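Chain by chain, the residues:
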Amino acid sequence: MPNVIEVDGIVKRYGDLVALDQLSLEVQAGEIYGLLGPNGSGKSTAIYCMLALLTHERGEVRIFGQTMRPDSYDSKRRIGVVMQDVAVFGPLTVEENIDFFCGLYVRDRAERKRLVADAIDFAGLGDFRKFLPAKLSGGLLRRLNIACGIAHRPDLIFLDEPTVAVDPQSRNNILEGLEELNRQGTTIVYTTHYMEEVEQICDRIGILDHGQLIAEGTADELKGMISSGDTITIELQDPNDAVIQALRELDFVSQLESSEGRIEIQTRHGERRLDSVLATLAAHDTAYSSIYAQKPTLNTVFLEITGRALRDHD
Amino acid sequence: MFWHFYRYRLLANLKQPQLVFWALVFPLLLAIVFQLTIGGIQTDRPIHAAFVENEAFSETDVYSRLIDDVNAADTPLKLRQLPAEEARQALFANELDGYFIVEADSRLTLHVMRSGLPQSVLQSFGTTIEQRRAQIEALLEGNPGQAARLIAATAEEELESSRGSEKDIEAAERVGNSAQTVYFFSLFGMGALFGASFAINEIEALEANKSAEGRRIRVAPLHHMRLIGSSFAVVLSLLLVCQLVQLAFIIWIQNLVIPPQLVPWYLVITLAGTFASAAIGAVLGVFVRKPDLAFGINVGLSLIMSFFAGMMNDQVRYNINTHFPWLSAINPAEQMTDALYSLYYYEDLSRVGRNLLMLVAMGLVLGTVAVLKLRRQRYVHL
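Rules used in this analysis
Residues numbered from 1 in each chain as written. Chains lettered and ligands numbered in written order. Predicted model: local features only at pLDDT ≥ 70, side-chain atom pairs only at ≥ 80, totals over all residues. Heavy atoms only, no water. Helix = DSSP H or I, 4+ residues; strand = E, 2+ residues; numbered from the N terminus. Buried < 20%, exposed > 50% of the residue type's maximum accessible area, 1.4 Å probe, protein only. Contact = heavy atoms within 4.5 Å. Areas by Shrake-Rupley, 256 points an atom, 1.4 Å probe, with all protein chains shown as cover. Domains from an automatic or database assignment. 1 Å grid on protein atoms, 1.4 Å probe; cavity = no way out; pocket = protein on both sides within 12 Å on 5 of 7 lines; lining within 4 Å. Points joined across faces, edges and corners; volume = space filled by probe spheres on them. Buried area = accessible area lost by both parts, 1.4 Å probe. Salt bridge = Lys/Arg side-chain N within 4 Å of Asp/Glu carboxyl O. Polar contact = N/O pair within 3.5 Å; in protein donor to acceptor, adjacent residues only side chain to side chain.

Participant: Would you mind showing me how to read the overall build of chain B here?
Facilitator: When you go through chain B residue by residue, the secondary structure sums to 19 helices and 4 strands. Scored against the burial criterion, the 382 residues of chain B give a buried share of 53%. Counting contacts in chain B only where the partners sit at least 6 residues apart, residues at least 24 apart contribute 75% of the total. Taken as a whole, chain B presents about 16200 Å² of accessible surface, with 61% of it coming from carbon and sulfur.

Participant: Teacher, can you tell me more about the domain arrangement of chain A here?
Facilitator: For an interface, size is often stated in terms of accessible area lost upon the parts coming together. One can read the domain layout of chain A as domain 1 (3-221) and domain 2 (227-295). Between the C-alpha centres of domain 1 of chain A and domain 2 of chain A there is a distance of 43 Å.

Participant: How should I be thinking about empty space enclosed by the protein in this particular structure?
Facilitator: Using a probe with the size of a water molecule, rolled over the atoms, empty space left in the structure can be pinpointed. Residues and elements named next belong to chain B. If you walk through the whole model with that rule in mind, you get 3 cavities of 30 Å³ or more. As for the second largest cavity, its lining consists of Pro27, Leu28, Ala31, Phe184, Leu187, Phe188, Gln246, Phe249, Ile250 and Gln254. Where the lining of the second largest cavity is concerned, the elements lending two or more residues are helix H2 (17-38), helix H10 (178-194) and helix H13 (224-253).

Participant: Is there a simple way to explain the interface of chain A and chain B in this structure?
Facilitator: If you look at the interface, chain A gives 39 residues, while chain B gives 31 residues. Interface area, chain A with chain B, both sides summed: about 3300 Å², of which 62% is carbon and sulfur. Taken together, chain A and chain B are joined by 3 salt bridges. For the salt bridge of Arg215 of chain B with Asp85 of chain A, the shortest nitrogen-to-oxygen distance reads 3.0 Å. The interface formed by chain A and chain B includes 16 residue pairs in polar contact (both at pLDDT 80 or more). Listing elements by their share of the side of chain A that touches chain B, those giving two or more residues are strand S1 (3-14), helix H2 (73-76), strand S6 (79-82), helix H3 (94-103) and helix H5 (138-150) of chain A. Of all the elements, H3 of chain A adds the most residues to the side of chain A that touches chain B, at 5 residues.

Participant: Sorry, what's going on with the side chain of Lys43 of chain A here?
Facilitator: All names here are of chain A. Among the structural elements, Lys43 can be located in helix H1 (residues 43-50). Owing to a relative accessible area of 4%, Lys43 belongs among the buried residues under this scheme. Among the polar contacts made by the side chain of Lys43, one reaches the main-chain carbonyl oxygen of Gly37 at a distance of 2.8 Å. A distance of 3.2 Å separates a polar side-chain atom of Lys43 from the backbone oxygen of Pro38. Beyond its immediate sequence surroundings of up to four residues, Lys43 is in contact with Leu35, Leu36, Gly37, Pro38, Glu161, Thr191, Thr192, His193 and Leu208.

Put into structure tokens, the structure is as follows:
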């Protein structure tokens, strides 16, 4: 697959603060690339630099094979942007807003009318086309924000935290809609600090912290990079020190915490850990009410790489 | 793209009641309040003059009797006698159109602050008194009112023979109460300045560092100068419509009598004021980081500048003109007020031309500064 975006060693400073530190990444055509990082990690700055809206001190951005400049109109025509802040005009109705922003890209009126109707359907705003933005709920407003960014059917869409402050149902609708766009061939760059979202929709993920891309790959590849394995949780019916000690001595256990019959075991990376735990419980004739294993999350990955949780900054 | 942007931005501005209120409704409301409290633009105001009480004046009772006679008769002249300093102050305060000093050799010296029809009438009045002194004295002795009528008739003849054009007669019909008229004209200037809010609103919509909408517009494939041009056209259109409505209000509701041949001049003044105001709004919008602060500054500046232009008190305008002429020169409200005033009372086109030049220069300088800043294509901060 050809690269749609090539970012090569971008450095962006705000005074003494280095917002982007030698950021390099590539996004292939047809993929959903997730840029994950805590608030303030440089995600929005990275997008604005890619769009040639912000100056940067060093590095280069190429989109569709062309160096991105403010006057790269051919490339810009194929790009859609959904801002973190809702970017619609309050005095205009839903339909007028979508038509206005679509009209910045599409001149033909008949084509634009069709595209606006499609965008309204896509965002599920059919019943609200004559509403002013102020009359919409938070979720609908976010959907309008997205509709304004994608109405002109771009080949590449940047979405900067589009689901902030959105209820779970609207969030699912948005994510499903994005997956549908992707199935139709649109390349998507998606920034968020919600790890569940990137795990759900992204083909590849870049983890950004302090302006640096600290890890990149698929969700499984990222989890494979760390030493942490599954987390196994057991609810014991009759806890005793002997079985806890036996569990602690298993060679793949990196950490064990016990509290009032609930044991949480952090394992090292590897396969078939649950079998060994069950065997140990059986050997000590210990009854349990529940036992389950959880795969490591991207938060675990971020925690292990940076020593901080993704949500620490929220 | 130009017209697409223009159409929607025009609509977005029109659907913001606070902008239309300040640029159009508020000045009209104030005009109505002025109309109800101090009356409208008057068309037949008297001509006020005084005789200075000096030694030559007091040597004879001719002048004091003449004052009584003229005031008692049905003429537009209203005379009084005042000490020299009071006469001077009254002239500066626009309470007098001129005052006479009786010289030791009985000549009358007329002191005025500006030229115009009332001053011409006074000049004729003085000439008539000087030339027909014996006849006037005789009339004052036995025929009350006759001296006044003689002077009025002679002054009219004098006027017709010296300037004698229809223009003067039309102008005479339009002579109004200048202080009150200044209120309305400065109100017109204030409306234009308030309209600068349209420009601030447009800059907010355009600039990526001021609004999310601006960021979205800036990443679209649009040529910046075309975008700026479209936006400026939106502001000019809105401001011009608001100003023309106000002008129509002054003409039809407040009975401003404008000769047809002068209508284009009023339109040009409106256009120049609109241009300057749009440029002021653009500069505020570009250089003041927070749009709300820019709106606040604009409202404050509009009120101050129209106050300096005489909106509340004509004396303030006079004092600013006398002591801080540079402030008057850079005050668009004063330039608009003065242009309308000069056109309305004196048809002084050279002075109107100077006012227009100042307004256009202000618009060009400030507009250029704003456009240079707006032309940037990348931002250091967002």
